[in-house]
Amino acid sequence: MTVKPWASFPLAGGVNQALSALEVGMHIALIATFDLKTCHINETVEFVLANPELEEFDYIPVSDCDNIVGVFHRQTSNFDRVEISVGEVMQKIDESIIISANASLLSFIEDADNQPFRLIIHGKRIVGIVSLSDLQKFAVRPVLFALITCVELLLAEWLRQKYPDENEWLATLSESRSTIIEQRWIAWKNDNMAMDKASVTEFCDKRDAALNLGAFPNKSAARKKLKEVESLRHAVTHSGDYALTPENARNVARTVRYARETIAILQDSLQVTI
């Protein structure tokens, strides 16, 4: 049974348009650090590593004559001689580590495991830095939530379009999950909180039903990816520390790519372009 809703359909505004607006509207400057702490090109590695003002930073801009000329990587500081200068071991500036303050925040997140820091330019000058550790910041959270919500809404829409008889996709779930969905549908429908049973499912229900019914060409790979998307969803929804370590932050970047991939697959399989 489906209730004809008064409100607009959740995906009626267009997925691609919304994601494009998200990329344009949410800039990398929202999470960048503009109060740059730098070291000098002639300072020794030992001196820089011992500097308490720099100990919280993994990537430290290197200056020479008031210009940023490179970046010193703290995590790769296991050198044979700590008395060598940072200028000898720094990463020199090239196009791969330079980015505009107006660049897409979502695009940075998506590639942050491959390029864990970027120097921010304004005009011709380097004015800030953004790194993997910044994925914990507030501005990242609504971006992640929007992307993951898109995945979940598309999973629900796939079930609606491919299996209009709700009993078909419900039958692929466990008896306990089906019972919970039926009970929730009765309660939420009466409170005008859902238009059909797909609306009252949890992420895991939509995921399992879609996987069981062949929504993805590689079921085992899709299951793994969707579980990571779901895990990030829970952490973001409950204000969790999802990027507390470098490994977890890199996982966020990979999961964002999984979400993008899932969105593309579901869009391609739907009868109506969304």
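Scroll up for the structure.
Residues numbered from 1 in each chain as written. Predicted model: local features only at pLDDT ≥ 70, side-chain atom pairs only at ≥ 80, totals over all residues. Heavy atoms only, no water.

A. Representation of helix α10 (residues 246–269). End to end, α10 covers 35 Å across 24 residues, agreeing with the expected 34 Å (1.5 Å per residue, within 8%). Those residues of α10 that sit buried are Ala249, Val252, Ala253, Thr255, Val256, Tyr258, Ala259, Thr262, Ile263, Leu266 and Gln267. At its buried positions, α10 is contacted by α1 (15–25), α4 (105–110), α5 (140–162) and α9 (219–237). (Helix = DSSP H or I, 4+ residues; strand = E, 2+ residues; numbered from the N terminus. Expected span 1.5 Å × (residues − 1). Buried < 20%, exposed > 50% of the residue type's maximum accessible area, 1.4 Å probe, protein only. Contact = heavy atoms within 4.5 Å.)

B. The arrangement of the packing of α5 against α10 in detail. Orientation of α5 relative to α10, taken along the N-to-C sense of each, is 30°, at an axis distance of 9 Å. Relative to α10, the element α5 lies roughly parallel. In the packing of α5 onto α10, the handedness of the crossing is left-handed. Every residue of α10 that contacts α5 at Leu144, Leu147, Cys150, Val151, Leu154, Leu155, Trp158 and Lys162 is listed here: Val252, Val256, Ala259, Arg260, Thr262, Ile263, Leu266, Gln267 and Ser269. In terms of residue class, the contact of α5 with α10 is built from twelve nonpolar, three polar and two charged. (Axes fitted to C-alpha atoms, helices over the stretch in contact; angles between N-to-C directions. Parallel < 35°, antiparallel > 145°, perpendicular 65-115°, else oblique. Left-handed = near helix turned anticlockwise from the far one by under 90°. Nonpolar A, V, L, I, M, F, W, Y, C, P; charged D, E, K, R; others polar.)

C. Inspection of the environment of Ala12 at higher detail. Its place among the elements puts Ala12 in the segment before α1. Sequence separation between Ala12 and Leu105 is 93 residues; the distance between their C-alpha atoms is 25 Å.

D. Structural view of unusual backbone geometry. Residue Cys65 is not a glycine yet carries a positive backbone phi of 55°. As for its position among the elements, Cys65 is in the loop between β2 (59–64) and β3 (67–73). At Asn192, a position not held by glycine, the phi torsion is positive, near 55°. Here Asn192 lies in the loop between α7 (175–190) and α8 (203–212).

E. How the structure looks around the pairing of strand β7 (residues 125–131). Burial within β7 is extensive, with five of its seven residues counted as buried. Taken together, the six bridges between strand β6 (residues 117–122) and β7 define a ladder with antiparallel strand orientation. Its bridge partner lying in β7, Ile121 is registered against Ile126. Hairpin geometry of β6 and β7 is characterised by an intervening segment of two residues between the two adjacent antiparallel strands and by a positive phi of about 70° at Gly123. (Pairing = 2+ DSSP bridges.)

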